[in-house]
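These are the residues of each chain, in order.
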Amino acid sequence: MAKLILVSFSLCLLVLFNGCLGIDVGLRRQQQRHFGECNLDKLNALEPTNRIEAEAGQIESWDHNDQQFQCAGVAIIRRTIEPNGLLLPQYSNAPELMYIERGRGITGVMFPGCPETFEDPQQQSQQGQGQSQSQRSEQDRHQKIRPFREGDIIALPAGVAHWCYNDGDSPVVAVSLLHTNNYANQLDENPRHFYLAGNPDDEHQGQGQQQFGQRRRQQQHRRGERGEQEQQGEGNNVFSGFDAEFLADAFNVDVDTARRLQSNQDKRRNIVKVEGRLQVVRPERSSQEWERQERQERESEQERERQRRQGGRGRDVNGLEETICTMRLRENIGRRSRADVYTEQVGRINTVNSNTLPVLRWLQLSAERGDLQREGLYVPHWNLNAHSVMYAIRGRARVQVVDDNGNTVFDDELRQGQVLTIPQNFAVAKRAESEGFEWVAFKTNDNAQISPLAGRTSVIRALPDDVLANAFQISREEARRLKYNRQEATLARSSRSSSERRRRGRSESEGRAEA
């Protein structure tokens, strides 16, 4: 009997070990997919290469095949939604982190299996047992509606459908990062959006794909003129490829209604204009009430997280816990009062990670929102455990990036609307120009960390005087000045004026010309 128990226990351990090894190998393969693609000798400030003009907005995307994005395993997209515009329901093959640059609106994120907790009240006449199916169907029910505003970060898991609507008076501008190298993406490195409605264009298509799409539409048009019966529709949403009768049977509707799902003749593209105003069930609250609710949700979520950690489960979570249907997907990092790092008259940095927004542990992403005033300096530092993809919101900054060989791979201005990728461990510094500089940086780790090279919390400050003196061949007094002359932590005022830098730059240029 004891031998049987021992054998059974050994088999269980073997299965468990193999299962864990298989998961670990799978994750390692996913993480190593882009190894060898970060041998970058030059970085560039990139601008959008593709634009789609839709009925109620536009979509711009950066070339995801660029070496910088291939290194980080990401894709960038910017959507502009006009007032009363609706971004059609869709899902993607990779986790998405969306930053609301401007505007406000509402979004729905449809988690499979979650209840329809937002509903119209029943009429008194419909409360009896004799309520008919047609009467019940008149009552609108749907999943939770979530408001958003300028400065919000919205977390969207891979494969989860969502939509956005602009209920304000000005355009909504939303910048998104898709982490295509994430373990949740089992397809390939190409970002893919699967639309549930409309006849959308591919936001990330290259020139060859555009030509293919044009040929496909021309062929479909010719077949339509010949009156040929097609099994596939002419639209580009997920219903377009199904037979209309198959859809009618699946939804228990007539064939004409099923054909409307395929949106074959829809010319509005990805963002459509809503007739009238979008009618959804949602509680009406003031901005103060929304802030109060957000604060309460954050506090209760942090309390649950604290209790989970005290329970000894550590980080061994899969994200699919009991709160999946009500989990918080939004955190505002635009408010000055919420700053995590602040230096008066210099600037601030707001961060969001899995400690402040636990769903990010599932996505393995985080973000940083920065604001530097004129002559403000973000001291040289490196990202310990993540790539950083920086999008310039406003203003200009002089940015320098240095690789592992001490080579300057970027030394230029980063302007509004441009994107720059800083690979993991590459050293970077930025200094705001005369109009200041604001940015958001998406990071490929749910708890991204930096290590400053200068300032009160820097690695230089942590080294003994004698180590610095011998390493740099300087005196101990010079080593102490190197350690203690900069008292700020990460944000500081530039010690040299812009005019002085210009004079110094001219003299250096003249010296090189004479040489």
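For every chain, the first residue of the written sequence is number 1, and numbering continues from 1 onward in sequence order. Whole-chain, interface and lining totals are the exception, using all residues; otherwise, since this is a predicted model, local features are given only for residues with pLDDT of at least 70 and side-chain atom pairs are given and counted only at 80 or more. Each side-chain value is worked out from all heavy atoms of the structure, with water and hydrogens disregarded.

Where an unreviewed UniProt entry is consulted, the chain appears under the name Cupin type-1 domain-containing protein, with the organism given as Carpinus fangiana. Its UniProt record gives the chain a comment under Subunit (unreviewed entry), which states: "Hexamer; each subunit is composed of an acidic and a basic chain derived from a single precursor and linked by a disulfide bond." UniProt positions are given in the numbering used here, feature names are shortened, and annotations may be inferred rather than shown by experiment. Recorded under Sequence similarities (unreviewed entry), the UniProt text for the chain is reproduced unchanged: "Belongs to the 11S seed storage protein (globulins) family."

Caption draft 1: Geometry of helix α6 (residues 255–262). The term polar contact refers here to a pair of N or O atoms within 3.5 Å; inside protein, the definition further demands a hydrogen-donor-capable atom paired with an acceptor-capable atom, and it admits residues adjacent in sequence only when both atoms are side-chain atoms. Here a helix means four or more residues in a row that DSSP labels H or I, a strand means two or more in a row labelled E, and each is numbered from the N terminus. The N-terminus of α6 is capped by Asp254, whose side-chain oxygen sits 3.1 Å from the backbone nitrogen of Asp256. Positive phi appears at Ser263, one or two residues downstream of α6, with a value of about 50 degrees.

Caption draft 2: Up close: the confidence of the model for the chain. The quantity called pLDDT is the predictor's confidence in a given residue, expressed from 0 to 100. In the predicted model, the chain carries a mean pLDDT of 82, and 73% of its residues have values of at least 70. Any two residues having at least one pair of non-hydrogen atoms within 4.5 Å are treated as being in contact. This stretch, residues 207–213, has a pLDDT under 50; its non-local contacts, to residues over four places away or in other chains, come to four contacts. Overall, residues 318–322 carries pLDDT values under 50, and its contacts beyond four positions in sequence, including any with other chains, amount to six contacts.

Caption draft 3: Broad picture of unusual backbone geometry. Residue Asn252 is not a glycine yet carries a positive backbone phi of 60 degrees. Relative to the elements of secondary structure, Asn252 occurs in the loop between α5 (244–251) and α6. Relative accessible area serves as the criterion here: at 71%, Asn252 is assigned to the exposed category. Even without glycine at this site, Gln364 takes up a positive phi of about 60 degrees. Structurally, Gln364 is set in the loop between α8 (359–363) and β18 (366–372). The buried label goes to any residue with under 20% of its type's maximum accessible area, the exposed label to any with over 50%, and the partly exposed label to all in between, with areas taken from a 1.4 Å probe on protein chains only. By relative accessible area, Gln364 is classed as partly exposed at 26%.

Caption draft 4: Representation of the packing of aromatic side chains in the model. Whether two aromatic rings pair depends on their centres lying within 6.5 Å, for rings of Phe, Tyr and Trp, where Trp uses its six-membered ring; planes under 30 degrees apart make the pair stacked, over 60 edge-to-face, and the rest tilted. Inspection of the entire model under this criterion finds six aromatic pairs. Taking the centre distance of 5.0 Å and the plane angle of 5 degrees together, the rings of Tyr91 and Phe194 count as stacked. Here Phe194 lies in strand β13 (residues 193–195) and Tyr91 lies in strand β4 (residues 85–92), a separation of 103 residues in the sequence. Looking at Phe194, the relative accessible area reads 27%, which means it is partly exposed. Taking the centre distance of 5.5 Å and the plane angle of 15 degrees together, the rings of Phe437 and Trp439 count as stacked. Take Phe437 and Trp439: they sit in the same class, and that class is buried. One aromatic cluster is present, formed by Tyr378, Phe437 and Trp439 through successive ring pairs. One residue, Lys430, lies across the ring of Trp439, its end atom 4.7 Å from the ring centre. The rule is short: NZ of Lys or CZ of Arg within 6 Å of the ring centre and within 35 degrees of the ring normal puts a charge over the ring.

Caption draft 5: Geometry of the pairing of strand β5 (residues 96–102). Extensive coverage of β5 is indicated by the burial of six of its seven residues. Note: β5 against strand β12 (residues 172–179), six bridges, orientation antiparallel. Along β12, the bridge assignment pairs Ile100 with Ala174. Only when DSSP finds a minimum of two bridges between them are two strands counted as paired.

Caption draft 6: Main features of α5. Of all the residues in α5, the buried ones are Ala244, Leu247 and Ala248. The buried residues of α5 occupy an angular sector of 100 degrees when projected down its axis, which confines them to one face. With respect to the buried face of α5, the exposed residues turned more than 90 degrees away are Glu245, Phe246, Asp249 and Ala250. Residues of α5 that are buried in the fold lie against α6. For α5, the N-terminal cap is Asp243; the gap from its side-chain oxygen to the backbone nitrogen of Glu245 is 3.0 Å. Where α5 terminates, the next one or two residues include Asn252, which has phi positive at roughly 60 degrees. Taking the helix axis as origin, the arc is that swept by the directions to the C-beta atoms.

Caption draft 7: Representation of the side chain of Thr343 within the structure. Relative to the assigned elements, Thr343 resides in strand β16 (residues 341–343). A polar atom in the side chain of Thr343 sits 3.2 Å from the backbone oxygen of Leu491. Discounting chain neighbours no more than four positions away, the residues touching Thr343 are Glu488 and Leu491.

Caption draft 8: Region of the structure containing the state of the cysteines. The rule for a disulfide is simple: a pair of cysteine sulfur atoms within 2.5 Å. If you walk through the whole model with that rule in mind, you get two disulfides. A disulfide bridge connects Cys38 with Cys71, and the sulfur atoms are separated by 1.9 Å. Note on the Cys38 and Cys71 pair: the S-S dihedral is about 100 degrees, so by sign convention the disulfide is right-handed. One end of the pair, Cys38, is in the loop between α1 (2–32) and β1 (50–54); the other, Cys71, is in helix α2 (residues 67–72), and 33 residues separate them in sequence. Judged by relative accessible area, which is 2%, Cys71 ranks as buried. One disulfide bridge connects Cys114 with Cys325, the sulfur atoms lying 2.1 Å from each other. Handedness here is read from the sign of the S-S torsion; for Cys114 and Cys325, about -85 degrees, the answer is left-handed. Here Cys325 lies in the loop between α7 (287–310) and β15 (330–332) and Cys114 lies in the loop between β6 (105–110) and β7 (118–119), a separation of 211 residues in the sequence. Residue class for Cys325 comes out partly exposed when judged on its relative accessible area of 28%.

Caption draft 9: Just the pattern of salt bridges, in detail. Note on definitions: salt bridges are taken to be side-chain nitrogens of Lys or Arg within 4 Å of carboxyl oxygens of Asp or Glu. Per the counting criterion, the structure on display carries 25 salt bridges. In this structure, Asp167 and Arg104 form a salt bridge, with 3.2 Å as the shortest nitrogen-oxygen distance. Here Arg104 lies in the loop between β5 and β6 and Asp167 lies in the loop between β11 (161–165) and β12, a separation of 63 residues in the sequence. Accessibility expressed as a relative area gives 10% for Asp167, which makes it buried. Judged by its relative accessible area of 43%, Arg104 falls in the partly exposed class. Close ionic contact of Arg348 with Asp371 constitutes a salt bridge, the shortest N to O distance being 4.0 Å. Taken together, the residues span a long stretch of sequence, with Arg348 in strand β17 (residues 347–352) and Asp371 in strand β18 at a distance of 23 residues.

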